[in-house]
Amino acid sequence: MMRLFTGPLPRWAQRDHPALRYELGQPRRLPASVRYLRAFAQLFALAVLLLIGTLIATDLLRRPAGINSVENVFNIVYVPVIALQALLSVIALGASVGFVPEQMARGAWDQLRATPGGVEVAMRARWVAAFYRGRLIIAAILIARVVLIALMLWEIMGFQGRYLTLLTNRITPEVSLPAAILLLSLSMTAALVLPVSSAGLDASVGLLLSVYVRGRTGSVLLQAGLILARLAVIAALLTAGATYMRGEMVDLSAAPAWLLLFAGGAVGDWGLGFLHLGRSGEIWATVPYAVLLGAAALACALAQAVIADRVLVFAAAQGQRRG
């Protein structure tokens, strides 16, 4: 699944690399009964999430989830996907923040430091392992996005193909139809890239902080603090953005409103909100230059990928100095 979106993986990220094999351990062939039970549990958990999403979207079945089929699907899957994204962030942080204390407890840290490039290779292996351990969640998140993108493309054909023209009419700045299509495609791309780049940045930050943690108790406390802070930021940004769009927030000027919606899209829901055309059109009409939010979010996703790599290199350098 990941290779569909990232292309060929570098050598250190491939499953047969010795450091990654060591990190993931030897694959075990589970009995068929265990595999079936695990698959059933995963499908059951997904069904429960969709049920919760349906109950939230319909106010406990007291009203329709949306005004049309596309909005129904978006509103039902929104909360479950946000929950999966929060879980992915937890996995990325949890898999990385205890790395150095674990290696010290195993007695392997000094050996890694004595091996040329050993610390960086081991950290990259742990970084990649976070994605392998969350691969089913990543797959679910990306599949949901692909479905929403397909629905967006179908929705664009509404009103004899003039729906996008109607949404971009009299917005600031005025954009031509080709420019609107380009900006919309950038929003879709951002929605696909942001989950991966955000989780990668979480894992890199966790590895960097693990260098400064002393002992497993400190690692557990730091992990809990980071997870709570991450979830609080997500909740605060999503709540603030929804409050603003409902008109319940004190009026903001154009720049703070744009920044609030940008943070909510890039950091809060990882671009998921960009995949509802009606919602996007409302934002474009409300906030000047909001049509550029998708392009800015894509730039943010790419910047996160670069920063994640630099943080990983810096963490390895700092770890090499730690005795």
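The structure this text deals with has already been given above.
What you are looking at is a predicted structure, and each value in this text was computed from that prediction instead of being measured. Throughout this document, residue positions are counted from 1 along each chain, in the order its sequence is written. Two thresholds apply to this predicted model, a pLDDT of at least 70 for residue-level local features and 80 or more for giving and counting side-chain atom pairs, whereas whole-chain, interface and lining totals are computed over all residues. As a rule here, side-chain values cover all heavy atoms of the structure and leave hydrogens and water aside.

S.K.: Explain the pattern of salt bridges here, please?
M.R.: For salt bridges, the criterion is a side-chain nitrogen of Lys or Arg within 4 Å of an Asp or Glu carboxyl oxygen. Within the structure shown, the criterion is met by nine salt bridges. A salt bridge links Arg62 to Asp59; the shortest N-O distance between them is 3.1 Å. Only protein chains enter the accessibility calculation, which uses a 1.4 Å probe. A residue is then buried if its area is under 20% of the maximum for its type, exposed if over 50%, and partly exposed in between. Arg62 sits in the exposed class, given a relative accessible area of 59%. Residue Asp202 is joined to Arg230 by a salt bridge in which the shortest nitrogen-to-oxygen separation is 3.1 Å. Here Arg230 lies in helix α12 (residues 215-245) and Asp202 lies in helix α11 (residues 177-212), a separation of 28 residues in the sequence. Residue class for Arg230 comes out buried when judged on its relative accessible area of 15%. Runs of H or I in DSSP of at least four residues are treated as helices and runs of E of at least two as strands, each being numbered from the N terminus.

S.K.: Even after reading the chapter, I still don't get the packing of aromatic side chains, so can you show me in this structure?
M.R.: For any two aromatic rings, the description comes down to two numbers: the centre-to-centre distance and the angle of the planes. Any Phe, Tyr or Trp ring, taking Trp's six-membered ring, that has another such ring centre within 6.5 Å forms a pair; planes under 30 degrees apart are called stacked, those over 60 apart edge-to-face, and the others tilted. Throughout the structure, instances matching the rule amount to five aromatic pairs. Aromatic pair Trp258 and Phe262: ring centres 5.6 Å apart, planes at 10 degrees, arrangement stacked. Of this pair, Trp258 and Phe262 are both found in helix α13 (residues 254-268), four residues apart, which corresponds to roughly one turn of the helix.

S.K.: Help me understand the side chain of Glu155, please; the structure alone is not making it clear to me.
M.R.: Examined against the element boundaries, Glu155 turns out to sit in helix α8 (residues 135-156). With residues up to four places along the chain from it excluded, the contact list for Glu155 reads Asn68, Val70, Tyr163 and Leu277. Contact between two residues is taken to exist if any of their heavy atoms lie within 4.5 Å; hydrogens are not considered.

S.K.: I'm lost on the environment of Leu46 in this one. Help?
M.R.: Topologically, Leu46 is positioned in helix α3 (residues 32-57). For the pair formed by Leu46 and Leu84, sequence separation is 38 residues and the distance between their alpha carbons is 9.6 Å.

S.K.: Looking at this structure, how should I read the nonpolar core?
M.R.: As a rule of thumb, nonpolar side chains are buried together in soluble globular proteins. Here, the term nonpolar core denotes a set of buried Ala, Val, Leu, Ile, Met, Phe, Trp, Tyr and Cys residues that are joined through side-chain atoms within 4.5 Å. Among the nonpolar cores identified, the biggest contains 75 residues, and Met123, Leu184, Leu277 and Trp284 are the most heavily contacted of them. Per-element accounting of this core gives the leading share, 14 residues, to α11. Every residue in contact with Leu277, bar those within four places of it in the chain, is listed here: Met152, Glu155, Ile156, Tyr163, Leu164, Leu167, Leu184 and Trp284.

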